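Examination of the molecular architecture
Each chain, written out:
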Amino acid sequence: MSMSIDSMASMLNTTNTDATTNYNANALKKSLNSVSSDTSADELMQVCKDFESYFVEEVIKEVKKNLLPDDEEKDASLSTMTDYTMDFAVEKIADELIDQVGGNFTQSLYEQMKRNYNID
């Protein structure tokens, strides 16, 4: 598996476009673009975890969307608050999943990027 910053950033461009996702994608792009040979190993590991967590979030959101149909009758302001709260909960769940079981992909991505950027 060969993963570069450019390929990771292009994957971010193909994901969902709601406001929260867009904000998270842009923040992740900024983190990815800041990776260089001057990046510490700890910073690189955090970027890899953030990248993996973001995609787990997107998977959870897709599953939720497919399992729970939209209620066309709900109040728009309540819907916005519910969506925000749900996005926050999904983000926290994804982070926890990555911390508990996401090590293999994160470690592989980390090792690949560490070699690509000659980070000690």
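Analysis parameters
- Residues numbered from 1 in each chain as written.
- Predicted model: local features only at pLDDT ≥ 70, side-chain atom pairs only at ≥ 80, totals over all residues.
- Heavy atoms only, no water.
- Salt bridge = Lys/Arg side-chain N within 4 Å of Asp/Glu carboxyl O.
- Helix = DSSP H or I, 4+ residues; strand = E, 2+ residues; numbered from the N terminus.
- Buried < 20%, exposed > 50% of the residue type's maximum accessible area, 1.4 Å probe, protein only.
- Core = buried A, V, L, I, M, F, W, Y, C linked by side-chain atoms within 4.5 Å.
- Patch = residues over 30% accessible without salt bridge, like charges linked within 9 Å, V, L, I, M, F, W, Y side chains within 5 Å.
- Areas by Shrake-Rupley, 256 points an atom, 1.4 Å probe, with all protein chains shown as cover.
- Contact = heavy atoms within 4.5 Å.
- Phe/Tyr/Trp six-rings, centres within 6.5 Å; stacked < 30°, edge-to-face > 60°.

1. Here we look at the pattern of salt bridges
Scanning the model with the defined rule gives four salt bridges in all. Linking E58 and K61 is a salt bridge whose minimum nitrogen-to-oxygen distance equals 3.8 Å. Remark: K61 and E58 occur in helix α3 (residues 41-67); sequence separation between them is three residues, near one turn of the helix. Each member of the pair E58 and K61 is classed as buried. Among the ionic pairs, D87 bridges to K61, the shortest N-O distance being 3.9 Å. You can see D87 sitting in helix α4 (residues 76-101) and its partner K61 sitting in helix α3, a full 26 residues away along the chain.

2. Comments concerning the nonpolar core
Ranked by size, the top nonpolar core spans 13 residues in total, and within it L44, C48 and M113 carry the most contacts. Of all elements in the fold, only α2 (19-33), α3 and α5 (103-116) reach the threshold of two or more residues within this core. Per element, the largest residue contribution to this core is five residues, and it comes from α3.

3. Some remarks on unusual backbone geometry
Its identity is not glycine, yet N118 carries a phi of approximately 50°, on the positive side. By relative accessible area, N118 is classed as exposed at 63%.

4. Focus on a nonpolar patch on the surface
Taken together, the side chains of V59, V63, L67 and L68 make up a nonpolar region of the molecular surface, amounting to roughly 400 Å² of accessible area. As for its placement among the helices and strands, L67 is situated in helix α3. Residue L67 is classed as exposed on the basis of its relative accessible area of 63%.

5. Topic: the side chain of N24
Inspection of the secondary structure assignment puts N24 in helix α2. Here N24 is in contact with Y54, E57 and E91, once residues within four sequence places are set aside.

6. Let's talk about the packing of aromatic side chains
The tally for this structure, following the rule as stated, stands at two aromatic pairs. With a centroid separation of 5.2 Å and 90° between ring planes, the pair formed by Y54 and F55 is classed as edge-to-face. By relative accessible area, which is 2% here, Y54 ends up buried. Accessibility expressed as a relative area gives 22% for F55, which makes it partly exposed. Linked through ring pairs, F51, Y54 and F55 together constitute an aromatic cluster.

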